[in-house]
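The chain contents come next:
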Amino acid sequence: MRAIQPTNADLLELDGFRIGYETFGDPTRPALLLLPTWQIVHSRIWKMQVPFLACYFHVITVDFAGNGLGERTTDPAAYEYERIARQAIGVLNHLGIECASVVAFSRGCDYAILMAATEPDRVESLTLIGNGVTCAAWQPQPDDAFQERRDTYVGWEKRNAHYFVEGWDDWLEFFFSEIFPEPHSTKPIDDAIGWARETTPEVLIATVPNRDLLPRLAAAEAVARIRCPVLLVHGDDDRCSPIEASYDLAAARPDWELVVLEGAGHGPLVRDPVRMNILIHEFLSRRLPSEKHQSVRHASN
């Protein structure tokens, strides 16, 4: 049973593919868009944020193609970053929302940065959790080894097209154990594996970035264009998107705030939702200081 039911839900055909969305809370409140991450999971990754944030905001969750409410397709065009950013704006247009705060996790940070860089009037603020973007490049980078067949698959070598098909269950168990390395993470791992099983290895293979999926706009230029307030949140035990990526952005944009979560892995929104909810609400609710300075805080358990 869900802690809160959506006030509205629908399927849309946007930019050539079917996507789905749900809304929660009072539509007269400020809009808050929660972007999905890699299609290995879907919008239920935000299940611990939605009930709390819907008390203060009009919350919108989205499933693009690949999982959740989105269509299942092996057409790689569905997973182009620029297309997904346009679809996110299309959802706001459909709902009559001029501007929204955007919260993103992992690959969703790429989509959020692209939205704020290309549609600055539509993005009120960004909260980026487990970011993998650096000024040098979008994340993750194209990896030719992904398509190579191996004799053995050990550790991160399991991130491989052949192993997705032949060792799907083992890949999921490995991957989510790396996403949630904190002790007592059995429930988050089990939830995430269940969400992953709502899609297929073949769909997931189509989502793995190549040069055709990544944005044409250089990452450094996208970061430089952003003019809204930005909060970076990163666990110092992130084994998927190393914390150095967020340090890189904080150095390039000293007006952005960085909060380091000590002892946290890649998915603090799932593993430590109370702390994350407080951070998100605090950032969205307070007036950011007008003086531009870098603020780095370390949040301990």
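Reading guide: rules and limits
Residues numbered from 1 in each chain as written. Predicted model: local features only at pLDDT ≥ 70, side-chain atom pairs only at ≥ 80, totals over all residues. Heavy atoms only, no water. Axes fitted to C-alpha atoms, helices over the stretch in contact; angles between N-to-C directions. Helix = DSSP H or I, 4+ residues; strand = E, 2+ residues; numbered from the N terminus. Parallel < 35°, antiparallel > 145°, perpendicular 65-115°, else oblique. Left-handed = near helix turned anticlockwise from the far one by under 90°. Contact = heavy atoms within 4.5 Å. Core = buried A, V, L, I, M, F, W, Y, C linked by side-chain atoms within 4.5 Å. Buried < 20%, exposed > 50% of the residue type's maximum accessible area, 1.4 Å probe, protein only. Polar contact = N/O pair within 3.5 Å; in protein donor to acceptor, adjacent residues only side chain to side chain. Pairing = 2+ DSSP bridges. Arc of directions from axis to C-beta. Phe/Tyr/Trp six-rings, centres within 6.5 Å; stacked < 30°, edge-to-face > 60°. Salt bridge = Lys/Arg side-chain N within 4 Å of Asp/Glu carboxyl O.

## Thoughts on the packing of helix α5 (residues 168–179) against helix α6 (residues 186–196)
Here's step 1: Look at α5 against α6: their axes get within 10 Å of each other, and the N-to-C directions meet at 135°. It follows that α5 is oblique to α6 by the angle criterion. As α5 runs across α6, the sense of the crossing is right-handed. Contact with α5, carried on its side by W168, L172, E173, F176 and S177, involves I189, A192, I193 and A196 of α6 and no other residues of that element.

## A look at the nonpolar core
Here's step 1: Ranked by size, the top nonpolar core spans 49 residues in total, and within it L35, M115, L126, L128 and I226 carry the most contacts.
Here's step 2: Look past the residues within four positions of L128 in its chain and what remains in contact with it is A104, C109, A112, I113, V230, L231, L232 and V233.
Here's step 3: Formed by 48 residues, the second largest nonpolar core is a distinct cluster that contains L53, F174, V259 and F283.

## What about unusual backbone geometry?
Phi is mostly negative for residues that are not glycine, and the peptide bonds are mostly trans.
Here's step 1: Although it is not a glycine, S106 sits at a positive phi angle of roughly 55°.
Here's step 2: Take S106: it is sitting in the loop between β5 (100–105) and α3 (107–118).
Here's step 3: Classification of S106 by relative accessible area gives buried; the value is 9%.
Here's step 4: Unusually for a residue other than glycine, H184 sits at a positive phi of about 60°.
Here's step 5: Here H184 is to be found in the loop between α5 and α6.
Here's step 6: On the basis of relative accessibility, which here comes to 75%, the residue H184 falls in the exposed class.

## Topic: the environment of R86
Here's step 1: Checked against the element boundaries, R86 lands in helix α2 (residues 81–95).
Here's step 2: Given a relative accessible area of 41%, R86 falls into the partly exposed group.
Here's step 3: C-alpha separation for the pair R86 and M115, spaced 29 residues apart in sequence, amounts to 7.6 Å.
Here's step 4: Of note is the side chain of R86, whose polar atom sits 2.6 Å from the side chain of D15.

## Regarding the pairing of strand β3 (residues 31–34)
Here's step 1: Burial of the side chains of β3 extends over both faces: A31 and L33 are buried on one face and L32 and L34 on the other.
Here's step 2: Two strands pair when backbone bridges link them, and β3 and β5 are joined in this way by three bridges, in the parallel orientation. Across the sheet, residue L32 finds its bridge partner in β5, namely S101.

## Considering helix α9 (residues 244–252)
Here's step 1: Along α9, the residues classified as buried are A245, S246, L249 and A250. One side of α9 carries all its buried residues, which in axial view fall inside an arc of 135°. Of the exposed residues in α9, the ones pointing more than 90 degrees away from its buried face are E244 and A251.
Here's step 2: In this structure, the buried residues of α9 make contact with α3, α8 (219–225), β7 (230–235) and β8 (257–261).

## Here we look at the side chain of T207
Here's step 1: With respect to the element layout, T207 can be found in helix α7 (residues 201–207).
Here's step 2: Here T207 falls in the buried class, since its relative accessible area comes to 0%.
Here's step 3: Among the polar contacts listed, one links the side chain of T207 to the backbone oxygen of L204, at a separation of 2.6 Å.
Here's step 4: Leave out the neighbours within four places in its chain, and T207 touches W38, Q39, Y79, R107 and L213.

## Quick word on the packing of aromatic side chains
Here's step 1: Applying the stated criterion across every chain, the model contains 14 aromatic pairs.
Here's step 2: An angle of 35° between the planes, with centres 4.9 Å apart, marks the rings of F164 and W171 as tilted. Taken individually, F164 and W171 each receive the classification buried, so the pair is uniform in this respect.
Here's step 3: Put simply, the rings of W38, F146, W156, F164, W168, W171, F174, F175 and F176 touch in pairs and so form one group of aromatic residues.

## What to know about the pattern of salt bridges
Proximity of charged atoms lets side chains of opposite charge pair with each other.
Here's step 1: Evaluation of the coordinates by the stated rule reveals 16 salt bridges.
Here's step 2: A salt bridge links D191 to K187, with the nearest nitrogen and oxygen atoms 3.0 Å apart. Taken together, the positions of D191 and K187, both in helix α6 and four residues apart, correspond to about one turn of that helix.
Here's step 3: Residue D191 is classed as buried on the basis of its relative accessible area, which comes to 14%.
Here's step 4: Where R239 meets D237, a salt bridge forms, and the shortest distance between an N and an O atom there is 3.4 Å.
Here's step 5: What makes R239 partly exposed here is its relative accessible area of 39%.
Here's step 6: The network of salt bridges with common partners includes D15, E80, R83 and R86.

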